[in-house]
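One-letter residues, chain by chain:
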Amino acid sequence: MGIETKNKAITCILCPLGCKIDVLKKKGTIIVKGAKCAKGKDYAIKEITNPVRVLTATIRVRNGILPLLPVKTTLSIPKKQVFTCLKKLYQLEVKAPVKMGTVIVKSIANTNSDIISTRGIDSKH
Ligand code: SF4
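The notes below deal with the structure included here. (Residues numbered from 1 in each chain as written. Predicted model: local features only at pLDDT ≥ 70, side-chain atom pairs only at ≥ 80, totals over all residues. Heavy atoms only, no water.)

Within the protein, the regular secondary structure consists of two helices and ten strands. At 19 Å, the protein has a C-alpha radius of gyration far larger than the 14 Å of a compact globule built from 125 residues. Along the first, second and third principal axes, the C-alpha atoms of the protein reach 60 × 40 × 20 Å. Residues counted as buried form 32% of the 125 residues belonging to the protein. Pairs at least 24 apart in sequence give 46% of the contacts found in the protein among residues at least 6 apart. Within the structure as shown, the protein displays about 8400 Å² of accessible surface, and the carbon and sulfur contribution to it stands at 56%. (Helix = DSSP H or I, 4+ residues; strand = E, 2+ residues; numbered from the N terminus. Rg over C-alpha atoms; globule rule 2.2 N^0.38 Å. Buried < 20%, exposed > 50% of the residue type's maximum accessible area, 1.4 Å probe, protein only. Contact = heavy atoms within 4.5 Å. Areas by Shrake-Rupley, 256 points an atom, 1.4 Å probe, with all protein chains shown as cover.)

This part covers the site of the ligand. In the vicinity of the ligand, the residues found are Cys 12, Leu 14, Cys 15, Leu 17, Gly 18, Cys 19, Ala 35, Lys 36, Cys 37 and Gly 40. Broken down by class, the residue content of the shell around the ligand amounts to seven nonpolar, two polar and one charged. (Near = heavy atom within 4 Å. Nonpolar A, V, L, I, M, F, W, Y, C, P; charged D, E, K, R; others polar.)

Moving on: the nonpolar core. Leu 69, Val 71, Leu 89 and Ile 104 are the most contacted members of the largest nonpolar core, which has 20 residues in total. At the level of elements, β5 (56-62), β6 (68-73), α2 (82-90) and β9 (103-105) are the ones that each hand at least two residues to this core. The leading source of residues in this core is α2, at four residues. Other than its neighbours up to four places away in sequence, Leu 69 contacts Ala 57, Thr 58, Ile 59, Val 61, Val 94, Val 98, Ile 104, Ser 117, Arg 119 and Ile 121. Judged by nonpolar contacts, the second largest core, of nine residues, contains Cys 12, Ile 21, Val 23 and Tyr 43. (Core = buried A, V, L, I, M, F, W, Y, C linked by side-chain atoms within 4.5 Å.)

In this section: the sheet that holds strand β1 (residues 5-11). Read from one edge of the open sheet, three strands run β1-β2-β3, paired in antiparallel fashion. Strands at the two margins of the open sheet, each flanked by one partner only, are β1 and β3 (29-33). Averaged over all adjacent pairs, the angle separating strand axes in this sheet is 15 degrees, with direction ignored. Two strands pair when backbone bridges link them, and strand β2 (residues 20-26) and β3 are joined in this way by five bridges, in the antiparallel orientation. Bridge pairing in β3 places Leu 24 opposite Ile 31. This element, helix α1 (residues 38-49), spans β1, β2 and β3 of the sheet and lies at about 130 degrees to β1. (Pairing = 2+ DSSP bridges. Axes fitted to C-alpha atoms, helices over the stretch in contact; angles between N-to-C directions.)

Pasting the structure below:
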């Protein structure tokens, strides 16, 4: 039985200092080097254990003054779910008009995060 070891070098994005952080996960222990504060340390640990992202994308609009509607997740979703969510979004088409903040998809891919429009789009006619 091998010892699970995982190394990751990340740049902290929580403040303009952009600390370079090394994270080592070995046998259930996580060692963080390079973070100048506790928030950065927590961020680094999350990046190696369960990285999450706010997903932004565009979906097709029928009969709109613009062809694409920008959308985003209401919550950060697991990074490993991003591709699945994008595949679902690229199959969608909404009909104009669409108001900003409209829920386009409820709990996409069982993430508990909705997809909402980040702008409104009027219809052509
Ligand atoms: S570790 Fe702390 S000080 Fe460094 S970039 Fe992240 S938030 Fe800023």
